Amino acid sequence: MASPPLIELRGISKRFGGVRALDDVSMSIDRAEIRCLAGENGSGKSTLIKIVSGVYQPDAGEILIDGEPTGRLDPATSIAHGVQVIYQDLSLFPTLSVVENLFLNTYLREKRGTVDWRRGRKMAREVLERLDVELDLDANVETLPAAGRQIVAIARAVLAEARLIIMDEPTTALTGREVERMFRIVRDLQAQGIAVLFVSHKMREMLEISEALTVFRNGKKVEEGPISEFDERKITRAMTGRDLNTGHFEAPAIAAGTAPRLRLKGVSVGRQVRDVSLDVMPGEVVGLSGLIGAGRTSLVKAIFGLRRDVTGTMEIDGQPLAPASVSEAIDAGVAYVPEDRLSEGLFLNRSIRDNAISAAMDRYAPRLWLDGKRARSETETMFNDMQISAPGTEVPVSTLSGGNQQRVVIGRWLMTDAKLLMLNGPTVGVDVGSKEQIHSIIHGLTRDKGLAVIMISDDIPELAANCNRVLTMADGRLTGELSGDALTEDALDAALAGATRKETA
Amino acid sequence: MKLFGSADAIIALILVVAMVLIGLINPAFWQLSNIFSLLKSNVVIGLMALGVLLVMISGGIDVSFTAFAVAGMYLVVRSMVALDYDGVILPFLAATLIGGLLGLMNAGIIHKFNMIPLIVTLGTASVVRGLVLGLVGTSNVNINQMPDALIAFGRTDILTLERANGTTFGLTAMIVIYIAVAVGIHLVLTRTMIGRSVYAYGADAEAAKRVGFNTGRTMIFVYCTAGALAGFAGLLHSSMIWLANPRDFVGLELDVIAAVVLGGASIFGGRGTVLGTVLGVFILVMIQNSLILMGIDTTWQRVVVGGMLIAAVAVTALRDRRAPV
């Protein structure tokens, strides 16, 4: 008879208020298995982790470990059964040494009153040997690179006699080579009989490391099977419930004689941008492609009034634009969504409404007082237009997923009656399904409001699928343009490679 | 465990350089009588600083300890006068207990309501000072009323030397108490789980909870110890200056916090050592003392202390600027 799975969930459900976070989910993990749990933000992955680790109690269903029902599972019993969770933030103590980060758990579990440093050091050395990695035991954890910290977290879980290690988005902060090293460690763990559950939405990595895959969508298990049955397309479809759009975006035809939304003539910005001329018509989505340092960001910053050293002429709807400040640029109808929305774009602990009105305060607070009614109703409109999924407009932005935060940033600018929207890396850190919705919202806006969009992105498929033309930039100059049928991923790749060659030549 | 961490070594180096410089400017600095008086001035600030060190390692800040010191000192001395009690051990136990209980109040409010320690301790400090003045009294207990046993205890020396002119000077025995407490706190911080829980809490309170520390107990340990040390130091202060003034210690919070920061503790928590704090206290007291020797007006000392605090905070903040996670 085959031995029972290490852990088995049967018919687990969990609700929070009116939201069904998990709906009758069953899954199991065998000993020494590497399984991946995939799903978009809000699909129930985190809830599942918290139920297995005993942080939440399920409303229905049961959990079996080694074939035995566990009854009520609290964090201490979950740990006693050998379940260890490595959260995305790792939960390490940055100012303490590697040794101490490793042994504190064990001593706590043994309910010790005093600290035996010599034994702690021995334990730490042994566990790192077992993982076949070298780390300076006396270094403070904060001085380690992300990969080193990850190893400390894994080693700590192993020291706690883990039989199942759950890793929540473990590769987010790692470079390619570091990911390889972590995978090697994970396989070593497997060889020692430890099961690993990866929780991720990165497809390439799932396909590389996992043996089996479980996909969640909206709190339900939608697909499950050995990894060989999956490819990227199938995983995406399972996660989002639809095929991703790989089509083309066509700009609407423009009546002759219409003034361009944006016209640049011989614009130079410092040393980063040289003699750039271009027109962007209403309804167009123009991609700006190029390597980092090609001058793309400097150019859009100049249009947004963030640069002083601008020469040449800029026009919005035929009106000269020479913004001396961001507020002048906003008044002229320019909107800019920066690369790093968290540090540059949002007030994280303020509500959606406060964030939404922050770009156009003059409009909602013409004199001293805030026009609360107008702010609320226009925020509601934006909230619906952007299809933000949140309990309401009063919740802090920090509680939203990456995709919804990005919608708030974009939506906020639309409340300023922007004529030109410039997006820098609009979907970095946004999951697949949300990404596509954001694109379709942007397309809708160009169609309905005649908005012109400039999109900077390093994501070539994103540019190819969503722009009606793409300009390539290198060394501060525009080097080429692709549009219509000529605009393909391959052509863009080639254009970029060509630009690089020229630079190095 | 390295006994002498690199941060402590830097502080010790600063201390040595400062001593050499001060000695060059004013050779009287090196006279044994001056060194003894310097050590004596270390005791009360040092005891309070050890308590504040715990609070700062835990990531908090405490400005209520001077109020607790006043409460312990004044309540005990007034009771001794009223009851005509003339002993030492019981009064010190009582002052320590009063401080500890008041610290428990801090811990309770901070932990239960998850509130910012600065605001909580500002509030409790004001309440306690007000209660002492309102309920116990506002008048000083002077040397002629002070219990004899306290005065005798406060003037105990472990070493008495004679000057050329026949007068004597001594090294106060209180320094022994200070060193004993410092060693005790050092051992607790480095060798016990409750001590390590203070560092863990200060490094990342959420992570400390997740790995299974009883963080409520950590808070109680930190704030009760800080309060108890303050109560004890308060009474000790009064027995050393033969005076119990219910309005004492105003503004001393700054000196003590400056000394702890100077000693390398991080205002962000998770960092700090007893040795560093003891050195920091010594540097601060030495500089204040030297300003007096140099004949600089006492009002200017506040400028110097404030400046040192800002400089020390700036330096440690640069050091502790967290690596992007």
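Rules used in this analysis
- Residues numbered from 1 in each chain as written.
- Chains lettered and ligands numbered in written order.
- Predicted model: local features only at pLDDT ≥ 70, side-chain atom pairs only at ≥ 80, totals over all residues.
- Heavy atoms only, no water.
- Buried < 20%, exposed > 50% of the residue type's maximum accessible area, 1.4 Å probe, protein only.
- Helix = DSSP H or I, 4+ residues; strand = E, 2+ residues; numbered from the N terminus.
- Pairing = 2+ DSSP bridges.
- Axes fitted to C-alpha atoms, helices over the stretch in contact; angles between N-to-C directions.
- Polar contact = N/O pair within 3.5 Å; in protein donor to acceptor, adjacent residues only side chain to side chain.
- Contact = heavy atoms within 4.5 Å.
- Buried area = accessible area lost by both parts, 1.4 Å probe.
- Salt bridge = Lys/Arg side-chain N within 4 Å of Asp/Glu carboxyl O.
- Left-handed = near helix turned anticlockwise from the far one by under 90°.
- Nonpolar A, V, L, I, M, F, W, Y, C, P; charged D, E, K, R; others polar.

Student: Please explain helix α1 (residues 45-52) of chain A as it appears in this structure.
Tutor: One full turn of an α-helix is made of 3.6 residues, so residues set three or four places apart face in the same direction. Burial analysis of α1(A) places six of its eight residues in the buried class, which makes it a mostly covered element. When α1(A) is considered as a whole, its buried residues turn out to be A:Lys45, A:Thr47, A:Leu48, A:Ile49, A:Ile51 and A:Val52.

Student: Please explain the sheet that holds strand β19 (residues 469-474) of chain A as it appears in this structure.
Tutor: Paired through their backbone hydrogen bonds, the strands of a sheet run either parallel or antiparallel. Residues and elements named next belong to chain A. Here we have six strands laid out as an open sheet, ordered β16-β17-β18-β13-β19-β20, and mixed in their pairing. The sheet is open, and its two edges are formed by β16 (334-337) and β20 (477-483), each paired on a single side. Taking the axes of each pair of neighbouring strands and ignoring which way they run, one obtains an average angle of 20 degrees across the sheet. Here four bridges tie β16 to strand β17 (residues 420-424), and the two strands are oriented parallel to one another. Residue Ala-335 lies in a different strand from β17, and its bridge partner there is Leu-421.

Student: Sorry, what's going on with the side chain of B:Thr124 here?
Tutor: Residues and elements named next belong to chain B. Examined against the element boundaries, Thr-124 turns out to sit in helix α5 (residues 117-136). Side chain to side chain, Thr-124 and Asn-106 meet in a polar contact 2.9 Å long. Excluding residues within four positions of it along the chain, Thr-124 makes contact with Ser-64, Phe-68, Met-105, Asn-106 and Ile-109.

Student: What exactly am I supposed to notice about the interface of chain A and chain B here?
Tutor: Where the parts come together, the accessible area they lose is often given as the size of the interface. Taken together, the contact pairs 22 residues of chain A with 24 residues of chain B. Of the roughly 2,000 Å² buried where chain A meets chain B, counting both sides, 62% is carbon and sulfur surface. Together, A:Phe93, A:Leu108 and A:Trp117 form the three largest contributors to the area buried by chain A at its contact with chain B, with a combined 28%. The interface formed by chain A and chain B holds three salt bridges in total. Where A:Asp89 meets B:Arg210, a salt bridge forms, and the shortest distance between an N and an O atom there is 3.2 Å. Counting across the chain A and chain B interface gives eight residue pairs in polar contact (both at pLDDT 80 or more). For the side of chain A that touches chain B, the secondary-structure elements that each account for two or more residues are α3 (98-109) and α5 (146-159) of chain A.

Student: For this particular structure, what's the right way to read the environment of B:Ile158?
Tutor: In this fold, B:Ile158 is placed in strand β1 (residues 157-162). Given a relative accessible area of 51%, B:Ile158 falls into the exposed group.

Student: What is the right way to look at the sheet that holds strand β1 (residues 7-16) of chain A in this model?
Tutor: Residues and elements named next belong to chain A. Read across the open sheet, the four strands follow the order β2-β1-β4-β5; overall the sheet is antiparallel. In this open sheet, the two edge strands, each paired with only one partner strand, are β2 (19-29) and β5 (68-69). Pairing analysis gives five bridges linking β1 to strand β4 (residues 60-65), with the strands arranged antiparallel. Along β4, the bridge assignment pairs Arg-10 with Glu-62.

Student: Please explain the packing of helix α3 (residues 65-83) of chain B against helix α4 (residues 89-112) of chain B as it appears in this structure.
Tutor: A pair of packed helices is captured by two measures, namely the crossing angle of their axes and the spacing between those axes. Residues and elements named next belong to chain B. Running from amino to carboxyl end, α3 crosses α4 at an angle of 145 degrees, the nearest separation of the two axes being 9 Å. Considering how the two elements wind past one another, α3 and α4 form a crossing that is right-handed. Mapping the contact onto sequence places Phe-68, Ala-71, Gly-72, Leu-75, Val-76 and Met-80 in α3 and Pro-91, Ala-94, Ala-95, Ile-98, Gly-99, Leu-102, Gly-103 and Asn-106 in α4. A class-by-class count of the residues in the contact of α3 with α4 yields ten nonpolar, four polar and no charged.

Student: I keep staring at unusual backbone geometry and nothing clicks. Help me out?
Tutor: Note: most peptide bonds trans; most residues except glycine with negative phi. Positive phi is not limited to glycine here, since A:Ser91 has a value of about 55 degrees. Its place among the elements puts A:Ser91 in the loop between β6 (83-86) and α3. Phi at B:Phe249 takes a positive value of approximately 70 degrees, unusual for a residue other than glycine. Note that B:Phe249 resides in the loop between α10 (215-241) and α11 (252-262).

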